Amino acid sequence: MLLVVVVLLVVVLLLVVVLLLVVVVVLVVLVVLAVVLVVVLAVVVVVVLVVVVVVLAVVVVVLVVVLLVVVVLAVVVVVGVVAVVVAVVAQLTRICSQQLRVQQRAWWWWAWWWAWCWWCCWWWRC
């Protein structure tokens, strides 16, 4: 009878040891899986952050290029408008100065003509 009790005790102890080993193995596997999951999540987060930073950098570069193009176009338009205004003012100045010379010439011509006519009338007693 004592032998049966001892054998049962040994069997129970072996079962407890096997169960403890199974629990330890399961815990180790769970810890390894948790570490792998954390590493994978960290890698995914780093990759997502790198992609976000690269996309933001590309967006900033595109915006800067667009801004530079807009500024260059604005400068070209302003320079073109100023050039057109200067050309128009120069043309108007040239036309006005020619017109003024013609008018001055006509004034002197009419002044001379009226002076001549007046002198003729005075001389010949019109």
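Structure: above.
Read on for a plain summary of the structure.

Reading guide: rules and limits
Residues numbered from 1 in each chain as written. Predicted model: local features only at pLDDT ≥ 70, side-chain atom pairs only at ≥ 80, totals over all residues. Heavy atoms only, no water. Helix = DSSP H or I, 4+ residues; strand = E, 2+ residues; numbered from the N terminus. Buried < 20%, exposed > 50% of the residue type's maximum accessible area, 1.4 Å probe, protein only. Areas by Shrake-Rupley, 256 points an atom, 1.4 Å probe, with all protein chains shown as cover. Patch = residues over 30% accessible without salt bridge, like charges linked within 9 Å, V, L, I, M, F, W, Y side chains within 5 Å. Salt bridge = Lys/Arg side-chain N within 4 Å of Asp/Glu carboxyl O.

Quick look at the overall build of the protein now. Looking only at helices and strands, one finds one helix and zero strands in the protein. Here the protein, with 126 residues, has 1% of them falling under the buried criterion. By element, 90% of the accessible surface of the protein is carried by carbon and sulfur atoms, the whole surface being about 11400 Å².

Judged by side-chain polarity, V18, V22, V23, V25, V26, L27, V29, L30 and L33 come together as a nonpolar surface patch covering roughly 770 Å² of accessible area. Following the sequence through the fold, V25 ends up in helix α1 (residues 2-124).

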